[in-house]
Amino acid sequence: MKKTTRREFFKTSFRAGAGIALASVAHPVVSWGAGTESATLPALLGGSRSHAGGWPAWPVWKSPEYDGKLLEVMRSGVWSRAHNTDAFEAKWAEMVGAKRCLSVVNGTNSLITALAQAGIGIGDEVITTPYTFVATVQAILMNGAIPVFADVDRETFQIDPVQIERKITKRTKAILPVHILGIPADMDRIMAIARKHDLIVIEDACQAHLASYGGKPVGTIGFAGCFSFQNSKNLPIGEGGAIVSDDDDFMDRCFSYHNLGFPYGSRAGSLSDAFMVGGKVRFSEYQAAIGLLELQDLEQASALRWENGQYLRSKIAAVPGIAPARLYPQTTRAVYHLFPFRYDKEQFCGMPRDLFLRALEAEGVPCSSGYTPLQTQPFIRAAFESKLYRKVYPKSLLNYDAYLLKNSCPESDALCDEEAVWLTQNMLLAGHREMDEIAAAIEKIHSHAGRIMDAFKKGEI
Ligand SMILES: *Cc1c(COP(=O)(O)O)cnc(C)c1O
């Protein structure tokens, strides 16, 4: 199987689930294991599938319930930022327990804006994880700063605080932890490092809506938190993003920055002209309307993902060679935007991960190998070779080969190249029976690994 990007993967997995509504988990019972050879064989070898139905569709538009609200906005003719956007921001701030929220066009721009207004820019280094979506790192480069990669803890898939501390230099200005896959990073240790070294913490919570750590929603533990509402995310609007923070001055500046530098909040009374440099990355009313509708289900769906995710973890942890991501003890909720486990082919008769993924897909369980290494992708080199970087950074810092060496991340690479397997969040919106079927599929592949490998070596599959 060729490596798929996250979005290609979503396309396929959603095609499989097309037409299955969130609440409808009923479909014909699969009778694998009922005694016949073809029923117990892996589907890849001609047996019946462990899961025969579809999966909950994503995103979910509840028609006709939602239709009126969106039509009301469209018919009003007020499509640019107005009261629906204000209402969405107030609601999201309330749900995560932040003082303020600012919506923007997408998660990428929430990160760009937050970094810029936290004072991060040319000359600064920002420490982040290599195991993330490309947007995290683009946001650092878009501000003219240098991304520095702290490798992950392979067991948790999250940035490793020990590696963070090793990467601090006199240029380090911020830590950008990512709650990747909807699982909280180890924020207690990250915040302790930040306090010790006087660094700003901006959380990339783009995959982690309503995940919590020590009872606190992620995105509200550091100085600011960033969210994405892209189509695949647990809170889907198509495009959309938000910044949350308790710091009024910072949030006022973020507002101005997202609105062409026009004054806002504390500066609104004294000025009327644009007073700072800013772009225009405003949310629109129809995005806000969709967001308000989708928010109605978010708490319930997050609780369900957590419950099913923990149930699935407990079922598959017993299979030799399968290691679900370990959670930090302070985790009070993971929302499993992607449900990850590590695959050890040695426990599967040497079956390459791609073949395991094929076998699992054949069982009716959509899956992917996840991210490919990020820290070596050409866009970082392109930034280093840009006019701006060459002008403002010493040559030694832009030595790309030396940079690659310093930023090597073998733990993350192992996840990307060998071990990681992902399931998507929409699958966790099904029931316990479907979780049982996923576990049964994995067990079936494990117990027939030798036969699958024989067929593979003979070129039969
Ligand atoms: C999706 C995502 C982003 C970017 O959000 P967009 O809304 O797609 O711009 C940033 N970081 C992470 C970890 C993401 O998953």
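You'll find the structure just up there.
Nothing here was measured: the structure is a model prediction, and the numbers come from that model.

Q: Could you clarify how one ought to interpret the overall build of the protein in this entry?
A: Along the protein, the regular secondary structure elements total 17 helices and 15 strands. What you see for the protein is a C-alpha radius of gyration of 23 Å, in line with the 23 Å of a compact globule of 461 residues. If you line up the protein on its principal axes, its C-alpha atoms span 80 × 60 × 35 Å. By residue count, 57% of the 461 residues in the protein fall in the buried class. Pairs at least 24 residues apart make up 72% of the contacts formed inside the protein by residues separated by at least 6 positions. As displayed, the protein offers around 18,200 Å² of accessible surface, 54% of which is attributable to carbon and sulfur atoms. Within the protein, the 50 negative side-chain charges are centred at a point lying 5 Å from the centre of the 49 positive side-chain charges.

Q: Can you help me understand the pattern of salt bridges in this one?
A: Here the idea is simple: oppositely charged side chains can pair when their charged atoms come close. Taken as a whole and judged by the stated rule, the model has 21 salt bridges. Across the pair lysine 173 and aspartate 124 runs a salt bridge, and its minimum N-O distance is 3.6 Å. Of the two residues, lysine 173 sits in strand 6 (residues 172-176) while aspartate 124 sits in the loop between helix 5 (107-117) and strand 2 (125-128), which places them 49 residues apart along the sequence. In this structure lysine 173 comes out as partly exposed when scored by relative accessible area, which is 30%. Where aspartate 153 meets arginine 326, a salt bridge forms, and the shortest distance between an N and an O atom there is 3.5 Å. Here the residue aspartate 153 occupies a position in strand 4 (residues 152-153), and arginine 326 occupies one in the loop between strand 12 (322-324) and strand 13 (331-333), the gap between them amounting to 173 residues. On the accessibility criterion, arginine 326 (34% relative accessible area) is partly exposed. Because the salt bridges share partners, they merge into one network encompassing Lys99, Arg100, Asp248 and Asp252.

Q: What exactly am I supposed to notice about the side chain of arginine 353 here?
A: With respect to the helices and strands, the residue arginine 353 is situated in helix 11 (residues 353-362). Buried charge without a salt bridge: arginine 353, with aspartate 354 as the nearest opposite-charge side chain at an N-O distance of 4.7 Å. Engagement of the side chain of arginine 353 in a polar contact is seen with the backbone oxygen of aspartate 417, the distance being 3.3 Å.

Q: Any chance you could explain the site of the ligand here in plain terms?
A: In the vicinity of the ligand, 18 residues are found, and the nearest of them are Gly107, Thr108, Gln207, Ser228 and Lys233. Between the ligand and aspartate 204, the relevant distance is 2.8 Å, taken from a nitrogen atom to a side-chain nitrogen or oxygen of the residue. Between glutamine 207 and the ligand, the recorded distance is 2.8 Å, taken from a side-chain N or O atom to an oxygen atom. For the ligand, whose free accessible area comes to 380 Å², the fraction covered by protein is 97%. For the shell around the ligand, the elements supplying multiple residues, two or more each, are helix 5 and helix 6 (134-142). Among the elements that make up the shell around the ligand, the one with the highest residue count is helix 5 (three residues). Classifying every residue of the shell around the ligand gives six nonpolar, nine polar and three charged.

Definitions and limits used
- Residues numbered from 1 in each chain as written.
- Predicted model: local features only at pLDDT ≥ 70, side-chain atom pairs only at ≥ 80, totals over all residues.
- Heavy atoms only, no water.
- Helix = DSSP H or I, 4+ residues; strand = E, 2+ residues; numbered from the N terminus.
- Rg over C-alpha atoms; globule rule 2.2 N^0.38 Å.
- Buried < 20%, exposed > 50% of the residue type's maximum accessible area, 1.4 Å probe, protein only.
- Contact = heavy atoms within 4.5 Å.
- Areas by Shrake-Rupley, 256 points an atom, 1.4 Å probe, with all protein chains shown as cover.
- Lys, Arg positive; Asp, Glu negative; His and termini not counted.
- Charge placed at Lys NZ, Arg CZ, Asp CG, Glu CD.
- Salt bridge = Lys/Arg side-chain N within 4 Å of Asp/Glu carboxyl O.
- Polar contact = N/O pair within 3.5 Å; in protein donor to acceptor, adjacent residues only side chain to side chain.
- Near = heavy atom within 4 Å.
- Nonpolar A, V, L, I, M, F, W, Y, C, P; charged D, E, K, R; others polar.

Geometric descriptors of this kind do not, in isolation, establish any biological role.
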